[in-house]
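Reading the structure
One letter stands for each residue in the lines below.
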Amino acid sequence: MAGVDLSHPPVEKLPLKDFREAVDARLADRSPEELRALLRLLASRVPSSERLAFLHFLRDPLDPNAHAALHSHALLEDISELARSLPEKAREWEDIWPENDSLGPYAGFLEPLTSLFQRAQEASERGQHPLAREAYRALFSLLEYTDDQERGPRPEHLSHVDFPEARARYLRAVYFTTPPEQRAPVLLEEMCSLRQLLSRAHRPLVQEWLDISSEPLPDFDLFLRDWSSLLRQQEGPDADAWLREAIRLSQGTRGLRELAFSEPSRHPRAFVDLLSALEREGPPLAVLTTAREALAVLPSSLPLRATVATFLASAAERLGQPDTVRSARWEAFVSQPTLSRLLELRDTFPSESEREPLLRRVARHLESVLQQPYAPSGSMAALPGAEDSLDVPAHVDRRLLAHAWLLAHDCEAAHVLAAKENALGWTFGDNPQGLVVPAFLVLLSGQSLSRLPRNVDALWRQALESGTRAGAWYSGGARHDEALGERLARAYADALPAISLEPAERERLLEWCLELARKRSSTIVSRQHRRSYGKAAQLLAAAAEVLWLHGEQARGNLLLAGFREGFRRHRAFQAELDAAVGSTPKR
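A brief look at the structure comes next. (Residues numbered from 1 in each chain as written. Predicted model: local features only at pLDDT ≥ 70, side-chain atom pairs only at ≥ 80, totals over all residues. Heavy atoms only, no water.)

A pair of packed helices can be characterised by two numbers: the angle between their axes and the separation between those axes. Contact pair helix α16 (residues 322-335) / helix α17 (residues 339-346): the axes reach a minimum separation of 9 Å and the direction vectors enclose 165°. The orientation of α16 with respect to α17, classified from their angle, is roughly antiparallel. Crossing of α16 over α17 shows left-handed handedness. The residues of α17 that touch α16, namely those facing R326, R329, W330, A332 and F333, are R341, L342, E344 and L345. (Axes fitted to C-alpha atoms, helices over the stretch in contact; angles between N-to-C directions. Helix = DSSP H or I, 4+ residues; strand = E, 2+ residues; numbered from the N terminus. Parallel < 35°, antiparallel > 145°, perpendicular 65-115°, else oblique. Left-handed = near helix turned anticlockwise from the far one by under 90°. Contact = heavy atoms within 4.5 Å.)

Right under this line is the structure:
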């Protein structure tokens, strides 16, 4: 089973070529009786509508030309018939289907369309490249159909069709059916066209044509030469990605190095491809040396420097060079200042006493960045069309700066930063109060994180959850966000116990938190922001819990009584306050 990694997680798709090789390896040492048992098991799982086809396959599985002409005519005719019926179905919309139904009468096309894609796949697997090309092209054209209201069946409606695989099969068929001297321009046009049609899928790659079958592509070296030459004349991220892939397939790391260092400003991602390839090959010293050379030639303002610096840090860790790790993590953070990179930089020092001056330096750097011309930041920033965040500048916001000051044990700087903001707007935007106030209440409670009062604990957990979005709109997905949240929680579990407050400072911060709790809660309730009544009640109850913990029962009760009396007619708010305070012990 050489070449097949059986440790693939379930969410990854094993390339068909690797799958077939793995199947052949599994079958090679099976006895005839075991093979018969396996076929019986597969037969038991065949749907009733496909049993005759299964029997035909068992009768003549190795003849690729069996019924080819009949199947060719039938497949293309069935696609044409479906295409002719689309305009007729569109006329049914006004009479039967509601306006808000995104598919309407086209829903009836999904099952036959899925079946036709399966039949096109069968043609591809039989090596009937002209038929596969014509069938797939006709099917993709069906998905471009639009009626007068710009409606029609779309790729996202066909959940049982693997479009990246269908695309790879089509492009492979185009390759086989195009004269060698025309392959490069024809395939470039086809790939650009499919890029638009299947915009939600990842970028098509030549590697996918190779993985879809064990049959070698004829004249592939000649094609790669022509393909590379053509792509060097193109502009844009797709052309750049396809050129880098062509260089990797034809020349390996030597070619990637030449491409990267010859035009570092034009092909900066070639450094990432080169470092990835070197890292897979093993020796960390080669990665470390190349990453240093790359940082020396890449423009200083390029966010992608952060990725290169991350390769440098990883190689330095493997080589046991902690100073290089720290300098690389600093470069990564400065090039792309996100919370994730901030935490990676923080972790280069083992103790809070060593981390404190580093995080003060981080905070001062963020302050200088925030003084630069304003750009939308935090959750208010618009998502660009980039496939990933490598080339995208990180938008520094005040929540990220608040993290830096708090993790640097500087409550006064965090207080000054947060005190300038409005009492509303904690959920969206970059208002740092939603982080700073809960952090102060945790500190003022005097309790460990595992023994916080109910509302203080809930408020702090919410602050950590929203705090993971500080400093960057880009998310690496649910798993990334969850892991980042866990790292942030661990960082505060180390930092908060290391913060000590003098009595006068403690009272001043407590009074500020109480004042802000009153202001935020009264604004929410008086403006009847009903969806935020629970937030107001939770904040008030958390403030009261801190007072009760320090034996100030009267002061805590007075805080709540003022809102019970002042907003007694707001029954929805009173219910939220009752729920927040109800199970809170008054100490």
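Residues L113, F117, F140, W209, F223, W227 and V308 are the most contacted members of the largest nonpolar core, which totals 83 residues. Setting aside its immediate chain neighbours within four residues, V308 contacts F271, L275, A291, A294, L295 and L298. Membership of the second largest hydrophobic core comes to 82 residues, among which are A404, W460, A537 and L577. (Core = buried A, V, L, I, M, F, W, Y, C linked by side-chain atoms within 4.5 Å. Buried < 20%, exposed > 50% of the residue type's maximum accessible area, 1.4 Å probe, protein only.)

What follows covers the packing of aromatic side chains. Tallied over the entire structure, the rule returns 22 aromatic pairs. Ring plane angle 75° and centroid distance 6.2 Å describe the contact between F567 and F573, whose orientation is recorded as edge-to-face. When its relative accessible area of 13% is taken as the criterion, F567 is described as buried. Note on F573: relative accessible area 0%, which makes it buried. An aromatic cluster is present here, built from Y175, F176, W209, F220, F223, W227 and W242 joined pairwise through their rings. Taking NZ or CZ as reference, R183 lies 4.2 Å from the ring centre of Y175, over its face. Seen from the ring of W330, R361 lies directly overhead, with NZ or CZ sitting 3.8 Å from the centre. (Phe/Tyr/Trp six-rings, centres within 6.5 Å; stacked < 30°, edge-to-face > 60°. Lys NZ or Arg CZ within 6 Å of the ring centre and 35° of its normal.)

On to the pattern of salt bridges. Per the counting criterion, the structure on display carries 42 salt bridges. With a shortest N-O distance of 2.8 Å, R355 and E352 are connected by a salt bridge. Remark: E352 and R355 occur in helix α18 (residues 352-370); sequence separation between them is three residues, near one turn of the helix. For R355, a relative accessible area of 9% puts it in the buried group. Residue R398 pairs with E421 through a salt bridge whose shortest N-O separation is 3.4 Å. Within this pair, whereas R398 is found in helix α19 (residues 398-407), its partner E421 is found in the loop between α20 (411-419) and α21 (433-445), the two being separated by 23 residues in sequence. Residue class for E421 comes out partly exposed when judged on its relative accessible area of 24%. Among the charged side chains, a salt-bridge network with shared partners connects R346, D347, E352, R355, R487 and D494. (Salt bridge = Lys/Arg side-chain N within 4 Å of Asp/Glu carboxyl O.)

That is the geometry; function is a separate question.
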